[in-house]
Amino acid sequence: MQPPAVHAFVLWMVVVSVHCQQQRFRVRPSNVSVVEGDSAILRCEVQHQVGQLQWAKDGFALGYSRSLPGYDRYRMLGDPGSGVHDLEITNVTLEDDGRFQCQVSPNRGQDAIRADAILTVLVKPTSVTASSTSRSPRLGLYEVGQGSQLTLRCDVTGARPAAQVQWQRNGVPVQLDQEDSFSGWGHPGRNDTTSVVTLRPTAADDGAGISCVAHHPAIAPEDRKFFNSTVQLSVLYPPGAPEISGYTEGEVVSIGQQKTLTCISRGGNPPAQLVWLKNGRPIGSKYRALPGHTLAEHRLRADVSDLGAVYSCQASSHVQPEPLTASVRTMVNFGPDLVTIEGTREARGGDLVRLTCVTSSSSPAANITWVINDRTMENTSQETSVAGDGGWISSSNISTVVPIGMRQDMTVACYGLNPALGRTKVGSAKITVLHPPEPPTILGYESGSHLRAGERVSLSCVSQGGNPPATLTWYRGDTELASSTEVRDSVARSVVTFQVDHADNGRVYTCRSTNSAEGKQQTVSTTLNVFFPPSSLKLEVRPDVLRAGSQALLTCESRPSYPEAELTWWRDNVQVTDGVTTLETFKAGKHGGSSSRLQLRRNLTWTDDGAAYSCRAHVAPLRGIVEDRLILDVSYAPVFSKSLFSEEFVVDSSHVLNLTARARPAGVRYHWTRESPGGGPVPAEGPVLRLDSVSRTDAGWYHLEASNELGITTVRVHINVLYPPQIVSVSGVSMVSTGEDAVLECSADANPAAPGMISWHREGFNLASDRVSTFTRNGTSYLTVHNATKEDIGEFLCRADNGVGQATATAALLVKHGPEMDERPQFRRAAAAAGRTARLPCRAAGVPNVTFQWSKAGVLIDGTIHQKYRLAQSQLDLQTWQSVLRIKDVQSSDYATYECVALNELGSQRQQIELGRPSAPDPPLGLKVVNVSHDSATVAWEAGFDGGQKQMYRVRLTEGSDRHQYRDVQPLNTTIFTVTGLQASTAYMASVMAYSRLGDSAYSQPVRLQTAAGPPPVSYVTDRDEPGGPAAFPRVAVISVTAVGALLLILNVIFIGCYRRRRHLKKQKAATSEASTKSETLHMYGNETVSSMSVKSGESYPREDSMDDYDASRHCYDPYAGGSVSETAVEYTNHLRSPSRAADFGHDQYVEALRRNSYTYTAGSSVETAGNHFTTYTTQPPRAPQFRTSALDAPTPDLLHSSGPGSGYFPPEPPAGPGRHYSTLPHQRRAAAATAAAPLSSFNRQCSRLASPPPTVITDKAPLEQRGHLV
C-alpha cells in the first residue's frame, strides 16, 4: 500500500474513533416533583466525558466544584471518574423550583452538551378553614333553625398546585352541591381553593360535624387528618311533653318514707327547662340536660304536709315558650309522734295515784295501752278527737294505790300504737316513794393528825339510803360553805375541797343531813390541826446614819408560826455567823403560834454600801423559807473598781470611756490629765472621756482624779489605738527572663502588726509549689518565684489583714517570651460583603511588647499613605496584644489570604487570615451542660463563625429517638441558655444550631443531660381557719409583729448606711495616703489606642464615604478583647508598601534596633513616623497597668524574605449598576442586596469572623467556560 493511502486510512480511523467516542448523556436529567422540605436528586450521567461538567439553574451556573461553594444545600453525588454527576438538593424550598440544566463544556474538539430537567416543588396547604355566616355561640359551632338554610364555606390556602376539597358528615363523605373556585399568588405561584355548600338541616342533624378535607399530592395519607376543618351544627327544635315517674297515683306513702319523683322531657334544642311545683308553688328548678332528653329529680321524705299534696313538673324553652305540664297527688299515713303522761309524782305507802295519757295527731287514730311496774293494766278506756292537720288525737285516764312498805319507785308507761303503720310511741313517768336515810359520817381527815399550811384537803360527808336521798350541807364554824350533793347507788355524798392556812388550826367543820320524808336534821363534826410558817419578817438597822468604819446593829423578828421558826442572817447567799446573837422565841397571835428574834452586829466598810443582808425563817415540819432583806446606805470616799485601766480602740471608731467612781454622797468631782507627750488637762465631761473618730495620736497614758467631802482618789488609764493595715509599698511590674527568679515585694503598716498578716494570692496559681517561697522582714513580705516561666505571668494580690481590717494591692509578674499567636477560628477567618468595610483581627501574646506587620501576597500593607487600609493596635492585658486591619470598600480582589506577623525582641510568629464573603454561620462549638434541676437545664457553648451576619441560636432537646423540642435562645446574643418545662428524672440529648438571614448551620455535637427527681412536696398553709379548726391568729398580734419587724428593718437600713459611709470615709483616708504611690503606678500601661496613622499623610477620611458607618463602629465591643473597647479611628490607605525600602534592614539590624529601643518608650509620648517604632517597658518607678499601644509598622525580617501565595485568577464580580447586584440564585441576590444596603455600623457591632471557602485557582488563559460560567 502506498504511503498516501496509508495516511488516509490512519486519518479515517482517527476520525471514526473520535466520532465513536463522542461525549454523550448516558442518563439524562428528568423532571422531578418533590415536597417542600424533602430532598431531591436530579440524575445526570455522561458517557465518554471529556469536558468539565457543571449544573445551572434558570440560566445561572452553579460552578464546577462538586461541593458547590455558596450553596449549602446543593452538592454533586456519584463517581466523577465514571461520569456520574447527580445533583442532590436537601431541605428543598419553594425558591428551588425551576429549570435545571446539566452542562458539559467542549474539549478536544467535541461540542458542549446540555440536558434540562424541571424541578417542581409541591407545597402543602398552609391552612384549612371551614366557616359560616350563621350565628356562632362558640368557635366552630353554628346555630340554625330546623328546616332553615345554612351556607358553609371552606378556604384552603397556600398550596402548590391548588388543593381539591371533599365535604364529609361525621367523617363520612357526602355528595353536596358544592361550588369550587381557585386563585393564585406569589412567585413561584401558590394557590388558594374556596368551596361553598348550602344545607337545610333537620333535627337529626343536631350535633352533626360537617368537615371539609383538603386533598393534595404533597399530603401523605397519614397526614390528611391534619389538613381538615370541622364545624358542628346546632339545629333548634322544641322539646317533648314531660313525664313523671317514681310515684303511682293513689299510692299511700308512710310518714318518713323517701320517694324520688323523676320528670323527663325528651328531645329539644335547646333542651327543656324543668321546674317542680308543690300545690302550685315552685320547689325546685335544678335539672340535667342529657343526650336526647332533660331530667329533673325531686326527692321527698313524706310528712304531714304531703297528705293530698299535688306535685307538678313544667317543661319550657325559648323554642317552646308555653310550658308543658304533668302532675300527681300524694297520700300519707303518719303518727303519733308524741305520747305524754300527767298526774301524781310523789307518794307514801297507801296514797292514791291518778294519771292521764294523751297522744299527738296520727292517721289513723292510735290505740293506748297502760303498763305499771312492768304489768299491763286491763279494762282501760280511751277517747279520740279530730286534729287540725286532718289526723286524730287519743287520750286515756287511770288510778292506783301505792302498797304500804314499798321502798322502790313506781314506773308507769303509756303506749300509743298506729294500727296501719305498726308504729308505736311510748310515754313514761316515775312516781317517787318517800322514806328517811342513815345518819351522815365524815371521811378524808383523821382526827388528831396535822396538816401543813397551803396543803389542799378534801372532806367527804356520806349518808346511805333514803328516798329521796339525803341533802348534805357543810359549815366552817357557823358559816355555810358552797357544796353540792351527789347520789350514786342510794348513797348521798357531798365533798368540800379547800387549801388550809394558819386560820384553820383548831377550826371545826360540820356536815348536816336533811330529807323530805323526815322532819329533823342529822349532824357530824371534826376539828383540824395545821402547821403554818410566819407570814412575814420585820427588819431594823441602827443607827439611822451609817459611815464606813462605824458599827451597825441589824434586828430580825418573825411573825407568829406553828411551831416556832428558826432564824439566820445571809449576805450574797452566804450565811453570816460572825456578830450573830442568840435566838429568842415567845408566844404570839390567836391561832396558837410563836414569834422568834435574832440580831447581827457589823463593822462597816465601803463595800457594805448597797449590800443586801437577808434574814431567813424556817419552820422545821414545813418546806421552804420566809425571807426578807434590807439594803445598807454607807457613806464613803470615792473608790474605783481598779487602780489601773487599759483600753483598746480601733482607729476611726468612736468610744465613750466611762470611769465613774463609787462614792456616797454621790456628788463626785472629776479631773482628767494626760502624760507626755501631749501632757496637760484633757477636755472631758466628768468621769466620761469621749473619743470621736479615734486617731493614732489618741494613744497614751491618762490620769483621772475623783473627790468628794470624804476624800480624793486617783487612777491611771492606758489607751492603745488599733488601726488596719496600710500598704506602704508594693512592686509594680517585675519583668524577668525565663529561668530567672522573680521577687515581688509588699510592705504594710498596722497595729497590731502580726508576723503573718501579709499574704499573697492569685487565682489558679499554686502558691504552695516548691518554686514559690515567701518570707517577711521588718513589715515587708517577699514573694519569690524561682525559675520563672511564661505560665507564671499574671497579677499577684498582696493582702494585709491584722484582724482590724485589711488592705490589698497588686503586683504584676512578666516573663519574657516570644510572640504566640491566638489560633482560634475567629482570628483565622473574616468576612465582609462587597462594598463594605472588612475587619481582620490578629492577636498574639508576648513579653516584652509585641508589634505587628500585615501583608498580602508578599506585599507589606502600610496604613499611613492612602485610605484603603487602616491599622490599629491595642494591648488587652499584661501580655496580650491585638492588631486590627480594616479594609475599606471591599472588592473582589480583596477576597484573599492575608498574613499577620507578630514580633518582639525574642522572635516572631506569623498567621494567615482568610477574607471571604458573608455566608450562613458555622455550628456552635464546645456545647456543655452547666446546671440541671428537676425541671430545667442550663447549657453553654462558644460562638462559631457567624458568617459576617448577626447570628441567633436555637436549642434542640431530643427525648427518646424521635421526640424533639425546639427553643429559640433569648436574648439573641447570649451563649448560655436555661431550658425550662422539662420532665423530672428524664434523659435528653441537647444540641444547638446557629442561624442568620443567610441560612442555618448544622446542629452541634449533642450532649446528654439527665433531669433530677421531682422536688419534695410543699405544704401550704391558708390564711383562714377551716370550719371547726383552731381559731385564727389574733389580728392584734399580727399587727404588733409587723410593726416591730418594720421598725427593726428601718433600724437595720440606718445602721448599714452609717457603716458604709464610715467605711467609705476610711477608704478615702487610706487612699489619700497611698495616692502618691498609686499615681506612679498608673504610667506604664494604658487602655487607649495609639493608631498607626502617619503624620506625613495629609489625607483624612472623606465624610461622604461611609463616615457615619465608621463612627458608629468605633465604639464596637470586641468579644475577643476581654470587654475592652476596640481601637479608635485612624486613617485608611489603599497603598501596598513594597518591602524594597527595608532591603538594607536585615535580621541582625532589626534585633539590634529592638534592643536599643527597649525600656525607652513612655506611654503618651509623641509618635514617630519612622518604620522601626517599638513599644517598650519604662524604667521609671513602677506604675499600675493602663493598657496603651503605640504605632508599630517596622518591617518584619520574615516578611522581608517571604513570598505570598502564587498568582491566581479570582472570578471578578460583574459591575453593579443601579438597582443591580449579580448573584447566581434569586435568594442570594436578595440577601446580597440586603447586605450591601445594611450600614457598616450594624456589621461592626457583630464583631464577626467570617471566611468563605478559598476560590478555585484557574489560569488566566483558561477558557471562559472553565471559570464557572457557560457561554
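Remember, it's a predicted structure, so these values are computed and weren't measured experimentally. (Residues numbered from 1 in each chain as written. Predicted model: local features only at pLDDT ≥ 70, side-chain atom pairs only at ≥ 80, totals over all residues. Heavy atoms only, no water.)

Thoughts on the overall build of the protein
Threshold: Where helices and strands are cited, they refer to DSSP runs of H or I of at least four residues and of E of at least two residues respectively, numbered from the N terminus. Buried means the residue's accessible area, taken with a 1.4 Å probe over protein chains only, is under 20% of the maximum for its type, while exposed means over 50%, and partly exposed covers the values in between. Working rule for contacts: check all heavy atoms of both residues, and any pair within 4.5 Å makes them a contact. Here the Shrake-Rupley method, with its probe set to 1.4 Å, supplies the accessible areas, and only the displayed protein chains count as covering residues.
Per the secondary structure count, the protein includes seven helices and 92 strands. Counting only residues that meet the buried cut, the protein has 41% of its 1271 residues in that class. Expressed as a percentage of contacts within the protein between residues at least 6 apart in sequence, the contacts between residues at least 24 apart total 67%. Of the roughly 66700 Å² of accessible surface on the protein, 50% is carried by carbon and sulfur atoms.

Side note on the state of the cysteines
Short version of the rule: The term disulfide is used for any two cysteine sulfur atoms that are within 2.5 Å.
Applying the stated rule across the entire model yields eight disulfides. The disulfide that involves cysteine 44 links it to cysteine 102, with 2.1 Å between the sulfurs. Its torsion about the S-S bond being -70°, the disulfide of cysteine 44 and cysteine 102 is classed as left-handed. A residue pair is termed long-range when its members are at least 10 positions apart, and cysteine 44 in the loop between β3 (40-42) and β4 (45-47) and cysteine 102 in strand β9 (residues 98-104) qualify at 58 residues. On the accessibility criterion, cysteine 102 (0% relative accessible area) is buried.

Brief notes about the sheet that holds strand β50 (residues 537-542)
The pairing of strands in a sheet comes from backbone hydrogen bonds and takes either a parallel or an antiparallel form. The cut-off we apply is this: Note on pairing: DSSP must find at least two bridges between two strands before they are called paired. Axis definition: a line fitted to C-alpha atoms, limited for helices to the stretch in contact. Angles are taken between N-to-C directions and run from 0 to 180 degrees.
Strand order in the open sheet formed by four strands is β50-β52-β56-β55, and the pairing between neighbours is antiparallel. Lying at the two open borders of the sheet, with one neighbouring strand each, are β50 and β55 (584-588). Averaged over all pairs of adjacent strands, the angle between their axes in this sheet comes to 20°, without regard to strand direction.

Thoughts on the confidence of the model for the protein
Note the following rule: Note on scores: pLDDT gives the predictor's confidence for each residue, bounded by 0 and 100.
Mean pLDDT over the protein: 79, with 80% of residues reaching 70 or higher. Under a pLDDT of 50 for its full length, residues 1019-1033 has, in the predicted model, four contacts with residues more than four places off or in other chains. For residues 1070-1271, every residue scores under 50 in pLDDT, and the model assigns this stretch 418 contacts once sequence neighbours within four places are set aside.

Focus: the sheet that holds strand β88 (residues 976-980)
As summarised here, the arrangement of the three strands in space is β84-β85-β88, forming an open sheet in which the pairing is antiparallel. The open sheet has two edge strands with one neighbour each: β84 (925-932) and β88. Taken over all neighbouring pairs, the strand axes of this sheet differ in orientation by 25° on average, direction set aside. Strand direction decides the pairing type here: strand β85 (residues 936-942) and β88, joined by five bridges, are antiparallel. Bridged to serine 936 within β88 is threonine 980.

As for the packing of aromatic side chains
Our working rule: Between the rings of Phe, Tyr and Trp (Trp by its six-membered ring), a pair exists once the centres lie within 6.5 Å; its type follows the angle of the planes, with under 30 degrees stacked, over 60 edge-to-face, and the other angles tilted. Whether a charge sits over a ring comes down to the Lys NZ or Arg CZ being within 6 Å of the ring centre and within 35 degrees of the ring normal.
Scanning all chains against the criterion turns up nine aromatic pairs. Three or more aromatic residues link up through ring pairs in this structure, and these residues are Tyr71, Tyr74 and Phe100. The aromatic ring of phenylalanine 498 is capped on one face by arginine 476, whose charged end is 5.5 Å from the ring centroid. It is arginine 616 that lies over the ring of tryptophan 570; its NZ or CZ is 4.0 Å from the centre.

Notes on the nonpolar core
Quick note on the threshold: Working definition of a nonpolar core: buried Ala, Val, Leu, Ile, Met, Phe, Trp, Tyr and Cys residues. They are joined through side-chain atoms within 4.5 Å.
Grouped together as the largest cluster of nonpolar side chains are 29 residues, with contacts concentrated most on Ile727, Trp760, Phe796 and Leu813. At the level of secondary structure, the elements contributing two or more residues to this core comprise β68 (733-736), β69 (742-751), β70 (758-761), β72 (780-785), β73 (794-801) and β74 (806-815). Element by element, the count of residues in this core is highest for β74, at seven residues. Not counting the four nearest positions on each side in its chain, leucine 813 is found in contact with Ser734, Val736, Ala742, Val785, Asp792, Ile793, Gly794 and Phe796. Listed in part, the 26 residues of the second largest apolar core include Leu68, Tyr71, Tyr74 and Cys102.

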